[in-house]
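Coordinate analysis (summary)
Single-letter residue listing:
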Amino acid sequence: MEDLQGKVAVITGGASGMGLAFAHRFAAAGMKVVLGDIEVPALDDAVTGLRDTGAEVLGVRCDVSDAASVHGLAAATEEAFGAAHVICLNAGVAGSGGLHEQTLTDWEWILGVNLMGVVHGLDSFLSGLIERDEGHVVVTASVAGHTAYPGLGIYSATKHAAAVIAETLYNELASSGSKVGATALCPGFVDTGIFNSARNRPEHLTATLPDLEADEDRATREAFLEMIASQALKPAAVADLVYDAILDGTFWVFTDGRHVENITNRHAEIAERRNPTEGRAITEDALD
Ligand SMILES: NC(=O)c1ccc[n+]([C@@H]2O[C@H](COP(=O)([O-])OP(=O)(O)OC[C@H]3O[C@@H](n4cnc5c(N)ncnc54)[C@H](O)[C@@H]3O)[C@@H](O)[C@H]2O)c1
């Protein structure tokens, strides 16, 4: 897209973290922003904070795992601001633990938000963009969409899916000559609330097993969170990258070089038909 002034952006998971940073970046460029999010107090605060800057903003309570709820987000957008232009399918949750420990509710929750959230977003908004031949879809994947770290199986499955959906979309749009653009955002570590995702886990999908985290695991987790707070990229920096990618049509957006070696190594293993060697959890890897 060449000019975002006066255009409409819809951001799922827009109440906090990277989604909220996108909203501030887009609003600063003169866009109208619609935030869809499940966490109502954070959503209300986000809307107030944006209005205080003079932005035109709408907050919609939305559960991206529910198709009807995302259709409602699209209808509310249309009613408030008319056609949407930039669609950020960004809502996400993270959970960790070995595949042998995961329950079906773990799978249902994380796939529902991270994978079906993207699917529902495309279902609600993509045909409108294609018909008007204008707009841009940003899918928030992750470096976890390019790696296979132990302990991150469900999350990685959803992020590999998100990345390949975005890539397929890009290929389809390009081969049909559409002016609609697509970006796959693949962040490394960003200082957000993702590491406290359980705050938004619905009651009917609560973990059935008690949290039996060993002392050693707890210490690693605490050190990891300290590293995130002190060293991880801030959401506003990611928002700048996304804003630029929409304007210049960049598809792959990685936020730092931290995981490049692991991704390159995995690609080489596949190309050379070698067995995988990624033996360490992402948290351990991050603490080097
Ligand atoms: N922070 C990181 O290090 C990192 C790295 C790679 C990818 N990501 C991805 O970035 C995206 C944004 O996450 P973040 O890091 O800003 O975390 P965050 O927790 O700050 O923001 C996620 C937002 O999604 C919302 N949300 C959760 N479940 C929802 C649902 N069912 N329906 C609607 N909204 C829902 C939350 O309320 C929250 O506002 C996610 O897709 C995440 O997987 C994050």
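For the structure, see preceding data.
Residues numbered from 1 in each chain as written. Predicted model: local features only at pLDDT ≥ 70, side-chain atom pairs only at ≥ 80, totals over all residues.

Comments concerning the site of the ligand
Near the ligand lie 31 residues; those nearest to it are Gly 13, Gly 17, Gly 92, Thr 192 and Gly 193. Broken down by element, the residue count for the shell around the ligand peaks at three residues, all from helix 1 (residues 17–28). Within the shell around the ligand, the residues separate by chemical class into 14 nonpolar, 14 polar and three charged. (Near = placed C-beta within 6 Å. Helix = DSSP H or I, 4+ residues; strand = E, 2+ residues; numbered from the N terminus. Nonpolar A, V, L, I, M, F, W, Y, C, P; charged D, E, K, R; others polar.)

Some points on the sheet that holds strand 6 (residues 181–186)
The strands making up a sheet associate through hydrogen bonds between their backbones, and the pairing can be parallel or antiparallel. One open sheet accounts for seven strands, arranged 3-2-1-4-5-6-7; its pairing is parallel. Edge positions in the sheet fall to strand 3 (57–61) and strand 7 (252–254), since each of these pairs with one other strand and no more. Within the sheet, the average angular offset between the axes of one strand and its neighbour, ignoring direction, is 15 degrees. Across the sheet, helix 4 (residues 104–132) is in contact with strand 1 (8–12), strand 4 (86–89) and strand 5 (136–140); its angle to strand 4 comes to roughly 165 degrees. (Pairing = 2+ DSSP bridges. Axes fitted to C-alpha atoms, helices over the stretch in contact; angles between N-to-C directions. Contact = placed C-beta atoms within 7 Å.)

A few points about the pairing of strand 6
Burial of strand 6 is extensive: six of the six residues sit out of reach of the surface. Direction of pairing for strand 5 relative to strand 6: parallel, over a ladder of five bridges. Of the residues in strand 6, the one forming a bridge with Val 138 is Thr 183. Considered for its hand, the β-α-β crossover made up of strand 5, helix 5 (residues 153–175) and strand 6 is right-handed. Examined bridge by bridge, strand 6 and strand 7 share three bridges and lie parallel to one another. In the sheet register, Leu 185 faces strand 7, and the bridge partner there is Val 253. (Buried ≥ 20, exposed ≤ 12 C-beta atoms within 10 Å, placed from the backbone. Right-handed = clockwise from strand over helix to strand, strands pointing away.)

Focus: unusual backbone geometry
Only a minority of non-glycine residues have a phi that is not negative, and only a minority of peptide bonds are not trans. In the Ramachandran plot, Asp 133 falls in the positive-phi region, its phi being about 55 degrees despite a non-glycine side chain. Turning to its location among the elements, Asp 133 is positioned in the loop between helix 4 and strand 5. Classification of Asp 133 by C-beta neighbours within 10 Å gives exposed; the count is 10.

A closer look at the pairing of strand 3
Here five bridges tie strand 2 (residues 32–37) to strand 3, and the two strands are oriented parallel to one another. In the strand pairing of strand 3, Gly 36 is matched with Val 60. Assessed by its sense of winding, the connection that carries the chain from strand 2 through helix 2 (residues 40–52) to strand 3 is right-handed.

Some remarks on the nonpolar core
Note that soluble globular proteins tend to have their nonpolar side chains buried in a common cluster. Counting 74 residues, the largest nonpolar core has Ala 9, Val 10, Val 33, Leu 35, Val 139 and Ala 166 as the members making the most contacts within it. Ranked by the residues each element gives to this core, the list is headed by helix 5, at eight residues. When near neighbours in sequence (up to four residues on either side) are disregarded, Ala 166 contacts Val 139, Ala 141, Ala 182 and Ala 184. (Core = buried A, V, L, I, M, F, W, Y, C linked by C-beta atoms within 7 Å.)

Considering helix 7 (residues 235–248)
Counted at 1.5 Å a residue, the expected span for helix 7 with its 14 residues is 20 Å, and the 20 Å between its end C-alpha atoms agrees. Every buried residue of helix 7 is listed here: Pro 235, Val 238, Ala 239, Val 242, Tyr 243, Ala 245 and Ile 246. Buried residues in helix 7, looked at end-on, bunch into an arc of 160 degrees, giving them a common side. Opposite the buried face of helix 7, by more than 90 degrees, sit the exposed residues Asp 240 and Asp 248. In the core, the buried residues of helix 7 are packed alongside helix 1, strand 4, strand 5, strand 6 and strand 7. Of the residues one or two after helix 7, Gly 249 is the one with positive phi, at around 75 degrees. (Expected span 1.5 Å × (residues − 1). Arc of directions from axis to C-beta.)

Observations regarding helix 2
Along its 13 residues, helix 2 runs 18 Å from first to last C-alpha, staying within 8% of the 18 Å computed at 1.5 Å per residue. Within helix 2, the full set of buried residues consists of Ala 42, Leu 43, Ala 46, Val 47 and Leu 50. The buried residues of helix 2 all sit within an arc of 135 degrees when viewed along its axis, so they share a single face. Along helix 2, exposed side chains directed more than 90 degrees from the buried face belong to Pro 41, Thr 48 and Asp 52. Of the residues one or two after helix 2, Gly 54 is the one with positive phi, at around 95 degrees.

Focus on the packing of helix 3 (residues 67–81) against helix 4
For the pair helix 3 and helix 4, interaxial distance at closest approach is 9 Å and the crossing angle is 40 degrees. For the pair helix 3 and helix 4, the sense of crossing is right-handed. Facing helix 3, whose interface residues are Ala 67, Val 70, His 71, Leu 73 and Ala 74, helix 4 presents His 120, Gly 121, Asp 123, Ser 124 and Phe 125. (Left-handed = near helix turned anticlockwise from the far one by under 90°.)

Some remarks on the environment of Ala 29
Its location among the elements puts Ala 29 in the loop between helix 1 and strand 2. The partly exposed category is assigned to Ala 29, around which 16 C-beta atoms lie within 10 Å. Along the chain, Ala 29 and Ala 141 lie 112 residues apart, while their C-alpha atoms are 24 Å from each other.

Overview of the environment of Gly 279
Position of Gly 279 among the secondary structure elements: in the loop between helix 8 (260–271) and helix 9 (282–286). When the C-alpha atoms of Gly 279 and Cys 186 are compared, they prove to be 21 Å apart, with 93 residues separating the residues in sequence.

Function-wise, these values are silent; they only describe arrangement.
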